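Overview (structure and organization)
The lines below spell out each chain.
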Amino acid sequence: MMMRGMPTSGMASQQPAPLVKPEKPDNMIALLNQLSVVGEVEEDHFVSRLSELISDDETTIQVVCGEDDEMVAIGSLVVERKFIHAGGAVGHLEDLVVEEAQRRKGHGKAIVEKLKQFAKDKGCYKVLVDCKESNVPFYEKCGFKVKGACMSQYHLDSFKKASPHRVTPSEHVFNSGQFIVRALRIEDAQKGYLDLLSQLTVVGEVPDQVFQDRLVSMEQHKQYFLVIEKTDDHRIVGAGTLVLEKKLIRQLGSVAHLEDVVVDSSIRGQGLGKQIILYLTRLSQQLGCYKTVLDCSEHNVAFYERCGFALTHSSVSMACYFE
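Residues numbered from 1 in each chain as written. Predicted model: local features only at pLDDT ≥ 70, side-chain atom pairs only at ≥ 80, totals over all residues. Heavy atoms only, no water.

Re the overall build of the chain
Counting secondary structure elements, the chain contains nine helices and 13 strands. Its C-alpha radius of gyration of 20 Å places the chain within 12% of the 20 Å reference for a compact globule of 323 residues. Looking at the chain residue by residue over its 323 residues, the buried ones come to 53%. Across the chain, the fraction of contacts at a sequence separation of at least 24, relative to all contacts at a separation of at least 6, is 71%. By element, 47% of the accessible surface of the chain is carried by carbon and sulfur atoms, the whole surface being about 14,900 Å². Of the charged side chains in the chain, 37 are positive and 44 negative, and the gap between their average positions amounts to 3 Å. (Helix = DSSP H or I, 4+ residues; strand = E, 2+ residues; numbered from the N terminus. Rg over C-alpha atoms; globule rule 2.2 N^0.38 Å. Buried < 20%, exposed > 50% of the residue type's maximum accessible area, 1.4 Å probe, protein only. Contact = heavy atoms within 4.5 Å. Areas by Shrake-Rupley, 256 points an atom, 1.4 Å probe, with all protein chains shown as cover. Lys, Arg positive; Asp, Glu negative; His and termini not counted. Charge placed at Lys NZ, Arg CZ, Asp CG, Glu CD.)

Here we look at the packing of aromatic side chains
In the structure shown here, the tally under the stated rule is nine aromatic pairs. Pairing phenylalanine 303 with tyrosine 304 gives two aromatic rings, centres 4.9 Å apart and planes at 70 degrees, and the pair type is edge-to-face. Note on phenylalanine 303: relative accessible area 24%, which makes it partly exposed. Residue classification places tyrosine 304 among the buried positions, given a relative accessible area of 10%. On the basis of an interplanar angle of 80 degrees and a centroid distance of 6.4 Å, the ring pair of tyrosine 304 and phenylalanine 309 is categorised as edge-to-face. Residue class for phenylalanine 309 comes out buried when judged on its relative accessible area of 3%. Of the aromatic side chains, those joined through ring pairs into one cluster are Phe83, Tyr193, Phe211 and Phe225. (Phe/Tyr/Trp six-rings, centres within 6.5 Å; stacked < 30°, edge-to-face > 60°.)

Describing unusual backbone geometry
Here glutamine 251, not a glycine, exhibits a phi torsion of approximately 55 degrees, which is positive. Residues other than glycine seldom take positive phi values, yet leucine 252 does so here, at roughly 60 degrees. Its location among the elements puts leucine 252 in the loop between strand 10 (236-246) and strand 11 (254-263).

Digging into helix 8 (residues 272-286)
A rise of 1.5 Å per residue sets the reference length of helix 8, with its 15 residues, at 21 Å; its end C-alpha atoms lie 21 Å apart and thus fit the reference within 8%. Three or more residues of helix 8 are buried, namely Leu272, Gly273, Ile276, Ile277, Tyr279, Leu280, Thr281, Leu283 and Ser284. (Expected span 1.5 Å × (residues − 1).)

Details of the side chain of serine 284
For serine 284, the position within the fold is in helix 8. In terms of polar contacts, serine 284 uses its side chain to reach the side chain of threonine 292, at 2.7 Å. Beyond its immediate stretch of four places on either side in the chain, serine 284 contacts His155, Leu242, Ala256, Cys289, Lys291 and Thr292. (Polar contact = N/O pair within 3.5 Å; in protein donor to acceptor, adjacent residues only side chain to side chain.)

Structure (structure tokens):
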């Protein structure tokens, strides 16, 4: 397998390098099957998805090759562009696995460091990873700290193989016409959208161009920014984001990440939080995702359980901050 920065003489390299060509899919599938189920996938479909991920400049796949250039470790990182933190970005570390016979040799930590550097170079202020309790010590050694819980909801009935649908979110009126859930619009910058996000965390200065760029990402079906508008005064009083992650596992399925869910403090307790979670979850199903995941604090676990989410095998949310 030819990769940037790797020797071409047939000598093995023990340093991670970005994958730049979709070669040796059988080797990669065998490795990924040690992490999860890849399932029945035609080779040309797998190569097509791999090529798509490689060509995405907001995604990196880092690999370590051993003898005969056989892949012995792999991990990926997906960049999520935000409105918060002055239009900053967050890296999502995904699908890290090391060949069983090659574990405890530092390959996993080396890949994590490469992924963290990629995130820094992309302007991320933190990297998130969801993991099992048993993997917490490993990620702590890589500079991560426990942040809260990771919860999941599976959609096996609506799961579509290989290619998610392109979906334009529809409007939904509820509570006797008092509120409407819909996609974010450019004019929402003047309706209190950024002020609402400031109730969640630091927003800072968000230039008009950044606002427009985030809307473009929604048009490209990478992210979906949803809002709840109060119909009498047209204020934005609720918000949430869905980030679409395309996978190489689960028959080339996709995962929806729910992010930045917030309801205006002045009208909490009216079910708006549950409405936007249900709307985002339905959108995930319409996109053909096999599951929806979210990170939350421990005290919010009960709320998300009422929304149909559960603590599963990767139930710990961890973060590594660069600021």
